[in-house]
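Observations on chain architecture
Residues per chain are reported as follows:
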Amino acid sequence: MTSPTRIGIHDLAVATAGHVLDLDDLAAATGVDPGKFHIGLGQDQMSVPGPDEDIVTMGATAAQQIIARHGVDRIRTVFFATESGVDQSKSAGVWLHELLGLPSTSRVVELKQACYSATAALQAAAGLVARETDTQVLVVASDIARYDLDSAAEPTQGAGAVALLVSADPALAELEPVAGLHTAHVDDFWRPNDSVTAVVDGKLSIDAYLDGFVAAWDDYRTRGGVDIDEIDLFTHHQPFTRMAAKAHRRLAEHTGAELPAERYERSTVYNRRIGNSYTASLYLGLAALLDGDDDLTGRRIGLFSYGSGSVSEFFTVVVQPGYRDHTRASETAAALAARTPMDVAAYRALHAGAHLGSRVDVEIPAQSPWPFHFAGVSGRARQYSA
Ligand code: HMG
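In this text the structure is predicted, and so the values were computed from the model without any measurement. Here, residues in each chain are numbered from 1, in the same order as that chain's written sequence. Note on the predicted model: pLDDT of at least 70 is required for a residue's local features to be given, and 80 or more for side-chain atom pairs to be given and counted; whole-chain, interface and lining totals, by contrast, use all residues. Side-chain numbers here rest on the full set of heavy atoms in the structure, without hydrogens or water.

Remarks on the packing of helix α1 (residues 23-30) against helix α2 (residues 34-41)
Just so we agree on the cut-off: With axes taken as lines fitted to C-alpha atoms, and helix axes fitted only over the stretch in contact, angles between N-to-C directions fall between 0 and 180 degrees. Helix and strand definitions here come from DSSP, where helices need a minimum of 4 consecutive H or I residues and strands a minimum of 2 consecutive E residues; each element is numbered from the N-terminal end. Should an angle fall under 35 degrees it is taken as roughly parallel, and over 145 as roughly antiparallel, whereas 65 to 115 is taken as roughly perpendicular and any remaining angle as oblique. Contact criterion: two residues are considered in contact whenever any of their non-hydrogen atoms come within 4.5 Å of each other. Polar here means any residue outside two lists: the nonpolar Ala, Val, Leu, Ile, Met, Phe, Trp, Tyr, Cys and Pro, and the charged Asp, Glu, Lys and Arg; Gly therefore counts as polar.
Direction vectors running N to C along α1 and α2 enclose 135 degrees, while the axes themselves pass 7 Å from each other. Classified by the interaxial angle, the pair formed by α1 and α2 is oblique. Between α1 and α2, the residues in contact are Leu23, Asp24, Leu26 and Ala27 and Pro34, Phe37 and His38, respectively. Here the contact of α1 with α2 is built from residues that sort into five nonpolar, one polar and one charged.

Here it is, written out as structure tokens:
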């Protein structure tokens, strides 16, 4: 019998929006103690998209980095995970497929379940690669988190994308087979079809997240997942980075294990500056761990994925020998530095301009520093330029 093929994350690239709001400025404008944002929520900044940016442009900007390194020939599937979809019918991935010149011999589909769907995409990708080990799957997770102005959730907005190349013999991290799952209906957070902002019950959402975490953990152990002492590091879905601290503490209480903060803290460095990026957030946490100074070769990382509504999954990856030759810390640092700082008035004007309308033709000039732009609407169809 041949040994089973190792399958996992071969490459991981990050993108974010073109503007940035410092939360000190939001605190000053709203009369809030900045400590509430920095310490209470664990957030320093949030990325804000300009008029020519959306989930397609951010996703394509992340994925282009992967294609520049690996080409497109082995990609037969594109999964686009998002909860800020731009069309009720067409997958955002089809626009991305065209912008990136991906092979016509590929399947493209969008997946939705709040912040969770990138994890469903990753697991489905692993299944497809197991069946055809010479192929690769491009998983894109891209989102804009928008809440009402002056709401408690306003400082937890953000925008970002990741692209993951899933393949056999992965260079970064092998996906282990056991996963713990939990689904429970709860009205903690959702976005109705006629709204650009999410509806949220903040306190309920925190409880639902933590309950989902321990339930997914218990299922993980029931299914044969390793003991907590065999997991070296953790990263979690981070709607705001303090949520990772709450999750880590809850798991320690639930298992009775000693879990010092060093086992997750490094995973928060990108999310602190980008804000909530919904589906991308967990994988920004993974990127932050891999980009850190410590050599993680052979280390097992536990990942907790949560999507309101709600679906939870806990699973693990093992960091591969030589992974440091394949990480992208400098590209991500450059993307964060390329954002244009904006004041609260400019951010609020952009927020007010966000809409779902398609009935009026509009041309939007390219202005973000990234390679792809939302160019407007013509005949009710979205247009993009490169
Ligand atoms: P709030 O009412 O501003 O919260 O809403 P608060 O008054 O409880 O303050 C938050 C923390 O700041 C508290 O600490 C305060 O003590 C502390 P905690 O009790 O949590 O330990 N604080 C301070 N700390 C230092 N210095 C100060 C200070 N003042 C207060 N001066 C909430 C917070 C997160 C609820 C709100 O921002 C919200 O509704 N956010 C959106 C919902 C959310 O992110 N939920 C998270 C779980 S659900 C999830 O992750 C899914 C999601 O990503 C969507 C999806 O799945 O698609 C949202």
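Continuing now.
Let's talk about the sheet that holds strand β4 (residues 75-81)
Stated formally: Strands pair, by our definition, only if DSSP identifies at least two bridges between them.
A sheet is described by the order of its strands in space; here nine strands give the open sequence β5-β4-β6-β7-β1-β8-β13-β12-β11, paired in mixed fashion. Edge strands, defined here as strands with exactly one partner in the open sheet, are β5 (107-111) and β11 (233-236). With strand direction ignored, the average angle separating the axes of adjacent strands in the sheet is 25 degrees. As paired strands, strand β1 (residues 7-16) and strand β8 (residues 173-183) are joined by two bridges and run antiparallel to one another. Note that in β8 the partner of Gly8 across the bridge is Glu174. Helix-sheet contacts for helix α5 (residues 117-131) involve β1, β4, β5, β6 (136-145), β7 (158-168), β8, β12 (300-307) and β13 (311-319), and the interaxial angle to β6 is about 175 degrees.

As for the site of the ligand
Where we set the bar: When at least one non-hydrogen atom of a residue lies within 4 Å of a molecule or strand, that residue is treated as near it. For this analysis, a polar contact is any N or O atom pair within 3.5 Å, provided that within protein one partner can donate a hydrogen and the other can accept it, and provided that sequence-adjacent residues contribute only side-chain to side-chain pairs. All accessible areas in this document rest on Shrake-Rupley with a 1.4 Å probe, and a residue is counted as covered only by the protein chains that are shown. For every domain, the bounds stem from an assignment made automatically or drawn from a database.
Of all residues adjacent to the ligand, which total 28 residues, the nearest are Lys36, Glu83, Cys115, Ser205 and Lys246. Within the side chain of Arg242, an N or O atom sits 2.9 Å from an oxygen atom of the ligand. When isolated, the ligand has an accessible area of 1100 Å², and the protein chains bury 76% of it. For the shell around the ligand, the secondary-structure elements that each account for two or more residues are α2, α6 (202-222), α7 (242-255) and β12. A total of five residues in the shell around the ligand trace back to one element, the largest contributor, which is α6. When grouped by side-chain class, the residues that make up the shell around the ligand number 13 nonpolar, nine polar and six charged. If you count residues domain by domain, the shell around the ligand takes at least three from each of domain 1 (7-173 + 326-385) and domain 2 (174-322).

Some points on unusual backbone geometry
Stated formally: Buried, partly exposed and exposed residues are distinguished by accessible area as a fraction of the type maximum, computed with a 1.4 Å probe on protein chains only: under 20%, between the cut-offs, and over 50%, respectively.
Between Gly309 and Ser310 the backbone carries a cis peptide bond, its omega angle lying at 10 degrees. If you trace the backbone, Ser310 turns up in the loop between β12 and β13. Backbone geometry at Ala114 places phi at a positive 50 degrees, although glycine is not the residue there. The topology assignment puts Ala114 in the loop between β5 and α5. Here Ala114 falls in the buried class, since its relative accessible area comes to 12%. At Asp150, a residue that is not glycine, the phi angle is positive and equals roughly 65 degrees. The residue Asp150 is located in the loop between β6 and β7 in this model.

As for the side chain of Gln45
In this structure, Gln45 sits in strand β3 (residues 45-48). Among the polar contacts made by the side chain of Gln45, one reaches the side chain of Arg339 at a distance of 2.7 Å. Leaving out residues up to four positions away in the same chain, Gln45 has contacts with Val20, Leu21, Asp22, Leu23, Arg272, Arg273, Ile274, Gly275 and Arg339.

Points about the domain arrangement of the protein chain
How big an interface is tends to be stated in terms of accessible area lost as the parts join. The test is simple: Once two parts are brought into contact, the accessible area they lose, counted with a 1.4 Å probe and summed over both, makes up the buried area. By salt bridge we mean one thing: a side-chain nitrogen of Lys or Arg within 4 Å of a carboxyl oxygen of Asp or Glu.
According to the domain assignment, the protein chain consists of domain 1 (7-173 + 326-385) and domain 2 (174-322). Its C-alpha centre places domain 1 at a distance of 19 Å from the equivalent point of domain 2. Counting residues at the interface gives 64 residues for domain 1 and 50 residues for domain 2. A combined buried area of about 4500 Å² lies between domain 1 and domain 2, and 58% of that area is made up of carbon and sulfur atoms. Considering only the side of domain 1, the residues that lose the most area to domain 2 are Cys115, Tyr116 and Tyr147, jointly responsible for 13% of the buried surface there. Residues Asp44 and Arg272 are paired through a salt bridge, measuring 3.0 Å at the closest nitrogen-oxygen approach. Counting across the domain 1 and domain 2 interface gives 28 residue pairs in polar contact (both at pLDDT 80 or more).

As for the packing of helix α3 (residues 55-70) against helix α4 (residues 92-99)
To keep it simple, the criterion reads: The sense of a crossing depends on the near helix, which, turned anticlockwise from the far helix by less than a right angle, makes the crossing left-handed and, turned clockwise, makes it right-handed.
At a minimum axis distance of 9 Å, the contact between α3 and α4 shows a crossing angle of 45 degrees. Compared by their axis directions, α3 and α4 come out oblique. Crossing angle aside, the handedness with which α3 passes α4 is right-handed. Residue-level contacts link Ile55, Val56, Gly59 and Ala60 of α3 to Ala92, Trp95, Leu96 and Leu99 of α4.

Quick look at the nonpolar core
The tendency in soluble globular proteins is for nonpolar side chains to be buried as a group. The cut-off we apply is this: Residues belong to a common nonpolar core when they are buried Ala, Val, Leu, Ile, Met, Phe, Trp, Tyr or Cys residues joined through side-chain atoms within 4.5 Å.
Formed by 45 residues in total, the largest nonpolar core has its most connected members in Leu12, Tyr283, Leu286, Ile301 and Phe315. Among the elements that take part in this core, helix α9 (residues 281-290) stands out by supplying eight residues, more than any other. The residue makeup of this core includes at least three contributed by each of domain 1 (7-173 + 326-385) and domain 2 (174-322). Other than its neighbours up to four places away in sequence, Ile301 contacts Ile231, Leu233, Thr235, Leu286, Leu289, Leu296, Phe315, Thr316, Val317 and Val319. With 37 residues, the next largest nonpolar core counts Val48, Val226, Phe314 and Met342 among its residues.

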